[in-house]
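Next come the chains, spelled out residue by residue.
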Amino acid sequence: RDRPELRRVPMAVGGLSMVSTANYAARRFGVRSAMPGFIALKLCPELELVKADYKKYEKAAAEVREVLRGFDADFTAGGLDEACLDVTGLV
């Protein structure tokens, strides 16, 4: 969202020691999550490495959780990007 110019170029979140995630453009070169960043750069020299911003991720996760609460007030969050909801009564 913050850097739309990276949408179509090989990009990964992380640094030289570890890649947290990579976009599809980077994955075409073999860049994967949990890969050392220096190896990712060897596979894809034009790779853009972006530092993680956990405060931003936590804020976005809180916004999503508020939406999810509208469907199931007792949902379970399993991390920043995981949730389990009971939507039985909604279908």
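Now for a description of the structure that goes with this document. (Residues numbered from 1 in each chain as written. Predicted model: local features only at pLDDT ≥ 70, side-chain atom pairs only at ≥ 80, totals over all residues. Heavy atoms only, no water.)

### As for the layout of surface pockets
- There is about 850 Å³ of room inside the largest pocket.
- Around the largest pocket, the lining is made up of 23 residues, and of these R1, M11, V13, T21 and Y57 lie nearest the centre.
- Counting only elements with at least two residues in the lining of the largest pocket, the list comes to strand 1 (11-14), strand 2 (19-22) and helix 3 (54-69).
- A total of 5 residues in the lining of the largest pocket trace back to one element, the largest contributor, which is helix 3.
- Among the residues forming the lining of the largest pocket, the class breakdown is 13 nonpolar, 3 polar and 7 charged. (1 Å grid on protein atoms, 1.4 Å probe; cavity = no way out; pocket = protein on both sides within 12 Å on 5 of 7 lines; lining within 4 Å. Points joined across faces, edges and corners; volume = space filled by probe spheres on them. Helix = DSSP H or I, 4+ residues; strand = E, 2+ residues; numbered from the N terminus. Nonpolar A, V, L, I, M, F, W, Y, C, P; charged D, E, K, R; others polar.)

### Re the sheet that holds strand 3 (residues 48-50)
- One open sheet accounts for 3 strands, arranged 2-1-3; its pairing is mixed. Looking at which strands have only one partner, the edges of the open sheet turn out to be strand 2 and strand 3. Ignoring which end each strand starts from, the neighbouring axes of this sheet average 30° apart.
- In the sheet, strand 1 pairs with strand 2 via 3 bridges, with the strands oriented antiparallel. Bridge pairing links V13 to T21 in strand 2. (Pairing = 2+ DSSP bridges. Axes fitted to C-alpha atoms, helices over the stretch in contact; angles between N-to-C directions.)

### Things to note about the packing of aromatic side chains
- Taken as a whole and judged by the stated rule, the model has 1 aromatic pair.
- Seen in terms of ring centroids, Y54 and Y57 are 5.6 Å apart; in terms of plane orientation they differ by 85°. Their pairing is edge-to-face. Linking Y54 with Y57, this pair stays in helix 3, spanning 3 residues, or about one helical turn. (Phe/Tyr/Trp six-rings, centres within 6.5 Å; stacked < 30°, edge-to-face > 60°.)

### Regarding the pairing of strand 1
- Covered by surrounding structure in strand 1 are M11 and V13 together with A12 and G14, the residues of both alternating faces.
- Note: strand 1 against strand 3, 3 bridges, orientation parallel. Paired with A12 across the bridge in strand 3 is L49.
- Where strand 1 folds back onto strand 2 in an antiparallel hairpin, the turn is made up of 4 residues. (Buried < 20%, exposed > 50% of the residue type's maximum accessible area, 1.4 Å probe, protein only.)

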